[in-house]
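These are the residues of each chain, in order.
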Amino acid sequence: MSPAGVREGKMALPKLDVVIANNFGHLPMFIGAEKGFFKQQGVDASFKVVDTGTDMVNALHRGEAQVGDMSTTTYLKAVHAGEPFKVIGLIMNDATRDNCDDPLAIVTKKGRGIEPGKVTDFKGKKIGLARGQTSDEFFKMVLRRAKMKYEDLTIENIWSQFGLAPALKEGKVDAIVTWEPYVTQALTEVPDSYLVIRGGQHMSYVMVAVAHGPTVDSKPAVIKSIAAGLAQSSHFTRSNRDEAVEIFAKWVPGTDVAIGKKAVKHISFDPRLSPNVLRAFENAEDEILMNTLKGAPRLDVPSLFRPQFMAEVQKEHPEYFADLPPLK
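Predicted, not measured: the structure shown is a model, and the values here were computed from it. (Residues numbered from 1 in each chain as written. Predicted model: local features only at pLDDT ≥ 70, side-chain atom pairs only at ≥ 80, totals over all residues. Heavy atoms only, no water.)

## Quick word on empty space enclosed by the protein
Piece 1. The final tally for this structure, using the stated rule, is 1 cavity of 30 Å³ or more.
Piece 2. If you add up the space inside the largest cavity, you get close to 50 Å³.
Piece 3. For the lining of the largest cavity, the per-class residue count stands at 6 nonpolar, 3 polar and 2 charged. (1 Å grid on protein atoms, 1.4 Å probe; cavity = no way out; pocket = protein on both sides within 12 Å on 5 of 7 lines; lining within 4 Å. Points joined across faces, edges and corners; volume = space filled by probe spheres on them. Nonpolar A, V, L, I, M, F, W, Y, C, P; charged D, E, K, R; others polar.)

This is the structure:
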């Protein structure tokens, strides 16, 4: 046996490059990396941390990674653009619901003329958010339910989520739209700030674990190892939320751990694929075709899923799922 094929007397584990984003929606992936869960499950995964869903899509497109995680809307838009990505599991997710958007919220502060729950107060206001990201899609849904037009207000494109709380604090915008932990950050750091809306069952804010299609086909055992590592990591995250936030802070400098421990309470980490998840994807596709890619052909959403990997993991490791509510 050649030295290259030996590691401490054992065959070297297959290697895989994974790209993850620096927000709490991807928290279990950081846990798996830090705790070595992916290696325990049989794959030597290297992790690259990026800022946005666009960065993740680009990394997968360029072949810098074979596995990544991203929001539902980012994923569907990438597939519309021709990317051969397949869903192998869920990260931030509630498999019992098709409209879980609790991590998303709109925050304002006293004196900006916006009352709690009163979406019509946004007319003529300046709203800070990251255009094209999930917070933007969420805000469009909030406005449409209130029979308001996106064009009836001014959007201040603030790409970095870290810039939202300062913009609200300094009066550069009247309200911000974001996700956790930046919602809790704004509520903590901006004097006299408060929620206009948290969630509201407008959409399902899901983070998906995706793999490059050719990798799924050529290395199914490796993809199953990733699914198993995700399931183990998700179970740990649910059971040890405070420690999970502390681990995240090691990977993402500047994380406020105290804020993170409050924010993570609003996030579900359920790796299971379910009929509810499928409906959530179908609903997200509806929104994309209505708001972003008008006239585009509809994707065959069920064909994008590869549920067999997580199903096999659940059968072999029921302990990773025992604390989750049953699926109806």
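After that view, the rundown keeps rolling.
## Quick word on the sheet that holds strand β9 (residues 154–157)
Piece 1. Taken in spatial order, the 5 strands of this open sheet run β9-β8-β10-β7-β11, and their pairing is mixed. In the strand order of this sheet, the two ends are held by β9 and β11 (193–198), each with one partner. Taking the axes of each pair of neighbouring strands and ignoring which way they run, one obtains an average angle of 30° across the sheet.
Piece 2. Sheet topology places strand β7 (residues 104–109) next to strand β10 (residues 175–179); 5 bridges connect them, and they run antiparallel. Residue pairing across strands places Leu104 opposite Trp179, the latter belonging to β10.
Piece 3. Sheet strands touched by helix α5 (residues 134–145): β7, β8 (126–129), β9, β10 and β11. Its angle to β7, the strand with the most contacts, is close to 75°. (Pairing = 2+ DSSP bridges. Helix = DSSP H or I, 4+ residues; strand = E, 2+ residues; numbered from the N terminus. Axes fitted to C-alpha atoms, helices over the stretch in contact; angles between N-to-C directions. Contact = heavy atoms within 4.5 Å.)

## Concerning the sheet that holds strand β4 (residues 44–50)
Piece 1. Spatially, 5 strands are ordered β4-β3-β5-β12-β6 in an open sheet, and the strand pairing comes out mixed. One side of each edge strand has no neighbouring strand; the edge strands of this open sheet are β4 and β6 (85–90). Sheet twist, expressed as the average angle between the axes of neighbouring strands with direction ignored, equals 30°.

## Some points on unusual backbone geometry
Piece 1. With omega at 10°, the peptide bond leading from Glu180 into Pro181 counts as cis.
Piece 2. Positive phi is not limited to glycine here, since Gln201 has a value of about 60°.
Piece 3. Within the secondary structure, Gln201 sits in the loop between β11 and β12 (207–212).

## A word on the pairing of β8
Piece 1. Taken together, the 4 bridges between β8 and β9 define a ladder with parallel strand orientation. Counterpart to Lys126 in the pairing with β9 is Thr154.
Piece 2. Handedness of the crossover joining β8 and β9 through α5: right-handed.
Piece 3. As paired strands, β8 and β10 are joined by 2 bridges and run parallel to one another. Considered in β10, the bridge of Gly128 is made with Ile176. (Right-handed = clockwise from strand over helix to strand, strands pointing away.)

## Describing the nonpolar core
Piece 1. Formed by 68 residues in total, the largest nonpolar core has its most connected members in Ile106, Phe122, Ile127, Phe139 and Ile226.
Piece 2. Among the elements that take part in this core, helix α9 (residues 220–239) stands out by supplying 8 residues, more than any other.
Piece 3. Ignoring any residue separated from it by four or fewer positions in sequence, one finds Phe122 in contact with Ile106, Ile114, Ile127, Phe139, Leu143, Met148, Leu153, Ala175 and Val196.
Piece 4. The next biggest cluster of nonpolar side chains, apart from the first, holds 29 residues, and it includes Val50, Met56, Val87 and Leu299. (Core = buried A, V, L, I, M, F, W, Y, C linked by side-chain atoms within 4.5 Å. Buried < 20%, exposed > 50% of the residue type's maximum accessible area, 1.4 Å probe, protein only.)

## Topic: the pairing of strand β5 (residues 67–71)
Piece 1. Summarising burial for β5: 5 of the 5 residues are buried, a large majority.
Piece 2. Across 2 bridges, strand β3 (residues 15–21) lies against β5 in parallel orientation. Bridging from a neighbouring strand, Val18 pairs with Val67 of β5.

## Digging into the layout of surface pockets
Piece 1. Considered as a void within the structure, the largest pocket measures approximately 290 Å³ in volume.
Piece 2. The wall of the largest pocket is formed by 22 residues, among which Asn23, Asp51, Thr52, Gln161 and Trp179 lie closest to the centre.
Piece 3. At the level of elements, α3 (53–61) and β5 are the ones that each hand at least two residues to the lining of the largest pocket.
Piece 4. Of the residues that constitute the lining of the largest pocket, the class distribution is 10 nonpolar, 11 polar and 1 charged.
Piece 5. Size it by volume and the second largest pocket reaches roughly 180 Å³.
Piece 6. As for the second largest pocket, its lining consists of Lys140, Leu143, Arg144, Met148, Lys149, Tyr150, Glu151, Met290, Asn291 and Lys294.
Piece 7. With 3 residues, the single largest contributor to the lining of the second largest pocket is α5.
Piece 8. When grouped by side-chain class, the residues that make up the lining of the second largest pocket number 4 nonpolar, 1 polar and 5 charged.

## Some thoughts on the packing of α5 against helix α12 (residues 275–291)
Piece 1. Where α5 meets α12, the axes come as close as 11 Å, and the angle between the chain directions of the two elements is 80°. Considering their axes alone, α5 and α12 lie roughly perpendicular with respect to each other. Each of Glu137, Lys140, Met141 and Arg144 in α5 lies in contact with α12, whose residues at this interface are Glu287, Met290 and Asn291.
Piece 2. When the residues that make up the contact of α5 with α12 are grouped by side-chain class, the tally is 2 nonpolar, 1 polar and 4 charged. (Parallel < 35°, antiparallel > 145°, perpendicular 65-115°, else oblique.)

Spatial relationships are all this shows, so hold off on functional conclusions.
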